[in-house]
Amino acid sequence: MHEMSVMGEIFTIINKIVKEYKLNKITKVVVKVGEMTCINEESLKFAFKAFSENTLIEEAQFIINRVEAEAKCINCGYVFKIYYTDKLCPKCDTYSNNIINGYELFLEEVEGETDEDDSNK
Ligand SMILES: [Zn+2]
């Protein structure tokens, strides 16, 4: 399953952030996923659950931000929303495969907590 390997990479980054900022709990994870990536949201959520189980990421809120696929017409420069089957420019009817948005797949935001609140006990 592709989503599992994607999530593995995302968790590698999260774990680096955890170390760097000495976090003891992750509260929120936001990923950006473009429409053209063929990523299944349910599979991604499942992968997140599988990876976060029994870790300090376990209780984090997992948010998927979808990015619409857009192409820029090579003929007239018009930017328009595309679908897998429809890549025709609505302005000039030119077929355009010049996709400028929709292949995004990355970790957008991580929120966590540190021990600092307990330091003055
Ligand atoms: Zn056009």
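Above this text you will find the structure in question.
Conventions used here
- Residues numbered from 1 in each chain as written.
- Predicted model: local features only at pLDDT ≥ 70, side-chain atom pairs only at ≥ 80, totals over all residues.
- Heavy atoms only, no water.
- Pairing = 2+ DSSP bridges.
- Helix = DSSP H or I, 4+ residues; strand = E, 2+ residues; numbered from the N terminus.
- Axes fitted to C-alpha atoms, helices over the stretch in contact; angles between N-to-C directions.
- Contact = heavy atoms within 4.5 Å.
- Phe/Tyr/Trp six-rings, centres within 6.5 Å; stacked < 30°, edge-to-face > 60°.
- Parallel < 35°, antiparallel > 145°, perpendicular 65-115°, else oblique.
- Left-handed = near helix turned anticlockwise from the far one by under 90°.
- Nonpolar A, V, L, I, M, F, W, Y, C, P; charged D, E, K, R; others polar.

A. Seen up close, the sheet that holds strand 6 (residues 105-114). Strand order in this open sheet of three strands is 2-1-6, and the pairing throughout is mixed. The open sheet has two edge strands, strand 2 (61-67) and strand 6, and neither has a second partner. Strand-to-strand twist in this sheet, taken as the mean axis angle between neighbours without regard to direction, amounts to 20°. Relative to the sheet, helix 1 (residues 2-20) contacts strand 1 (23-34), strand 2 and strand 6, its axis offset from that of strand 6 by approximately 35°. Across the sheet, helix 2 (residues 41-52) touches strand 1 and strand 2, and the angle it forms with strand 2 is around 150°.

B. Broad picture of the sheet that holds strand 4 (residues 79-81). Pairing is antiparallel across the open sheet formed by three strands, whose spatial order is 4-3-5. With partners counted over all chains shown, the strands left at the sheet margins are strand 4 and strand 5 (99-101), one partner each. Strand-to-strand twist across the sheet, computed as the mean angle between neighbouring axes with direction ignored, equals 40°. Pairing analysis gives two bridges linking strand 3 (residues 70-72) to strand 5, with the strands arranged antiparallel. Note that in strand 5 the partner of alanine 71 across the bridge is isoleucine 99.

C. View of the packing of aromatic side chains. Under the counting rule described, the total for this entry stands at four aromatic pairs. Between tyrosine 78 and phenylalanine 80, the aromatic rings sit 6.4 Å apart at their centres with planes inclined by 5°, giving stacked as the arrangement. Of the aromatic side chains, those joined through ring pairs into one cluster are Phe11, Phe48, Phe51 and Phe62.

D. Here's a closer look at the packing of helix 1 against helix 2. Contact geometry of helix 1 with helix 2 gives a least axis separation of 9 Å together with a crossing angle of 50°. Classed by the angle they form, the pair helix 1 and helix 2 counts as oblique. Read as a crossing pair, helix 1 and helix 2 show a hand that is right-handed. Contact residues: helix 1 offers Glu3, Met4, Val6, Met7, Gly8 and Phe11, while helix 2 offers Ser43, Leu44, Phe46, Ala47, Phe48, Ala50, Phe51 and Ser52. Among the residues making up the contact of helix 1 with helix 2, the classes are represented as 10 nonpolar, three polar and one charged.

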